[in-house]
Amino acid sequence: MSEQLLALDCDSLSFAYNEHTESILSDVNLKLERGSRCLLVGANGAGKSTLLRILAGKRLTKTRSCRILGQDVFMNPPGGVVYLGTEWSNNPVVRSDIIVSDFLDSVGGYRHKVRRDRLLSILDVDLDWHMHQISDGERRRVQLCMGLMTEWDFLLLDEVTVDLDVLVRKDLIDFLVGESENRGATIVYATHIFDGLATFPTHICHLQLGTTPRPTLVWTSSTSEDLFSLALSWLREDRELRREKEKAQGRVRGPRTDTRDAKTFFEKYDYAH
């Protein structure tokens, strides 16, 4: 695969919060050609969000082996990269009493009127909504409209469709497929919702306990394996490996028998009785 054709060239990427803690990511490899649509599949805590934030330049790592659109994401961040994550909705400004039309104009919506209006229709957004009065799903639609109205080249999505109803989600997925096919835009999408996605990805990357245990899978609509079944089998594998690792460290999830001290301490505050 020619480096000139690569939208993403991530080679042996590792990350830890500091040198005294266990690595969150270790030897992650992911290469994508321009126009690819990659699903990032992994269990909770596998490092998906951390990887996406690193690719977006929001988190630094000592590994200098990650390039987007031919440019180093740390030393020479490329333009045209958009990252959309779930933490956006917790921003106090987003939940303030501001009208959606004013909110979008404040981030340059008036400069991208054609794409903005197309997204307003796809996402079924009312410009007269007040941000502090709408639901989480409606607020998510505004976020997507805001983030997608410029002509981005590389899109990083971290579970941002979880609040959407199935109709809006389907229309959004169709829009994203069109962006990749018509403009050569590249998408990396981390999600746990696989309904309606069988024809979306061109590639599937499995992130397991912070690493990539197998080469990125090339996926086509004619692939015989069911996407949900594939993800389920990977996640079962991940859980067994995680349990073995934690057991070796003396850690076990679930109920415990060593809670007597805690019970003695807290039972005097149990006002239910």
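Everything below is about the structure printed above this text.
No experiment lies behind these values; they were computed from the predicted model shown.

> I'd like to hear about the pattern of salt bridges, residue by residue, with values.
All told, the structure shown has 19 salt bridges when counted by the stated rule. We note a salt bridge from aspartate 105 to arginine 116, for which the minimum N-O separation is 3.7 Å. A residue pair is termed long-range when its members are at least 10 positions apart, and aspartate 105 in helix H2 (residues 100-106) and arginine 116 in helix H3 (residues 113-122) qualify at 11 residues. In this structure aspartate 105 comes out as partly exposed when scored by relative accessible area, which is 30%. Among the ionic pairs, aspartate 117 bridges to lysine 113, the shortest N-O distance being 2.7 Å. Taken together, the residues aspartate 117 and lysine 113, both in helix H3 and 4 residues apart, mark about one turn of the helix. For aspartate 117, a relative accessible area of 27% gives the class partly exposed.

> Give a description of H3 that names residues and reports values.
Within H3 the residues assigned to the buried category are Arg115, Arg116, Leu119, Leu120 and Ile122. All buried residues of H3 lie within an arc of 165° about the axis, which places them on one face of the element. Away from the buried face of H3 by more than 90 degrees, exposed residues Val114 and Ser121 are located. Residues of H3 that are buried sit in contact with H2, helix H4 (136-148) and helix H5 (166-183). Remark: aspartate 124 follows H3 within two positions and exhibits a positive phi of approximately 55°.

> Pulling in residues and values, what's your account of the sheet that holds strand S7 (residues 154-158)?
With respect to topology, 6 strands assemble into an open sheet ordered S6-S7-S8-S3-S9-S10, the strand pairing being mixed. Each edge of the open sheet is held by one strand with a lone partner, namely strand S6 (81-84) and strand S10 (217-218). Of the pairings in the sheet, the one linking S6 to S7 comprises 4 bridges and is parallel in character. Looking at the pairing, valine 81 lines up with phenylalanine 154 of S7. Packing of helix H6 (residues 227-248) onto the sheet brings it into contact with strand S3 (37-41), strand S9 (203-206) and S10, and relative to S9 it is tilted by some 15°.

> Describe in detail the nonpolar core, supporting the description with residues and values.
Residues Leu39, Leu123, Val142, Leu148, Leu155, Leu176 and Phe200 are the most contacted members of the largest nonpolar core, which totals 46 residues. With 6 residues, H5 is the single largest residue contributor to this core. Sequence-distant contacts of leucine 123, that is, excluding residues within four places in its chain, are made with Arg141, Leu144, Cys145, Val168 and Leu172. Of all hydrophobic cores here, the second largest spans 27 residues; its members include Leu30, Leu52, Val73 and Val188.

> Would you mind going over the packing of aromatic side chains in detail, with residue names and values included?
Evaluated as defined, the whole model comprises 3 aromatic pairs. Judged by centre distance (5.3 Å) and plane angle (75°), the ring pair of phenylalanine 15 and tyrosine 17 falls under edge-to-face. A centroid spacing of 6.1 Å and a plane angle of 70° characterise the contact between tryptophan 88 and phenylalanine 103, whose relative ring orientation is edge-to-face. With tryptophan 88 in the loop between S6 and H2 and phenylalanine 103 in helix H2, the pair connects residues that are 15 residues apart, well separated along the chain. The exposure classification of tryptophan 88 matches that of phenylalanine 103, with both residues buried. A cation over an aromatic ring shows up here: arginine 37 above the ring of phenylalanine 200, its NZ or CZ 5.7 Å from the ring centre. Above the face of the tryptophan 152 ring, arginine 183 is positioned so that its terminal group lies 5.4 Å from the ring centre.

> Could you give an account of unusual backbone geometry, with specific residues and numbers?
With a phi close to 50°, serine 12 is a non-glycine residue in the positive phi region. Relative to the assigned elements, serine 12 resides in strand S1 (residues 6-15). Phi is positive for leucine 69, close to 55°, though the residue is something other than glycine. Tracing the backbone through its elements, the reader meets leucine 69 in the loop between strand S4 (66-68) and strand S5 (71-72). We classify leucine 69 as buried; its relative accessible area is 17%.

Rules of the game
- Residues numbered from 1 in each chain as written.
- Predicted model: local features only at pLDDT ≥ 70, side-chain atom pairs only at ≥ 80, totals over all residues.
- Heavy atoms only, no water.
- Salt bridge = Lys/Arg side-chain N within 4 Å of Asp/Glu carboxyl O.
- Helix = DSSP H or I, 4+ residues; strand = E, 2+ residues; numbered from the N terminus.
- Buried < 20%, exposed > 50% of the residue type's maximum accessible area, 1.4 Å probe, protein only.
- Arc of directions from axis to C-beta.
- Contact = heavy atoms within 4.5 Å.
- Pairing = 2+ DSSP bridges.
- Axes fitted to C-alpha atoms, helices over the stretch in contact; angles between N-to-C directions.
- Core = buried A, V, L, I, M, F, W, Y, C linked by side-chain atoms within 4.5 Å.
- Phe/Tyr/Trp six-rings, centres within 6.5 Å; stacked < 30°, edge-to-face > 60°.
- Lys NZ or Arg CZ within 6 Å of the ring centre and 35° of its normal.

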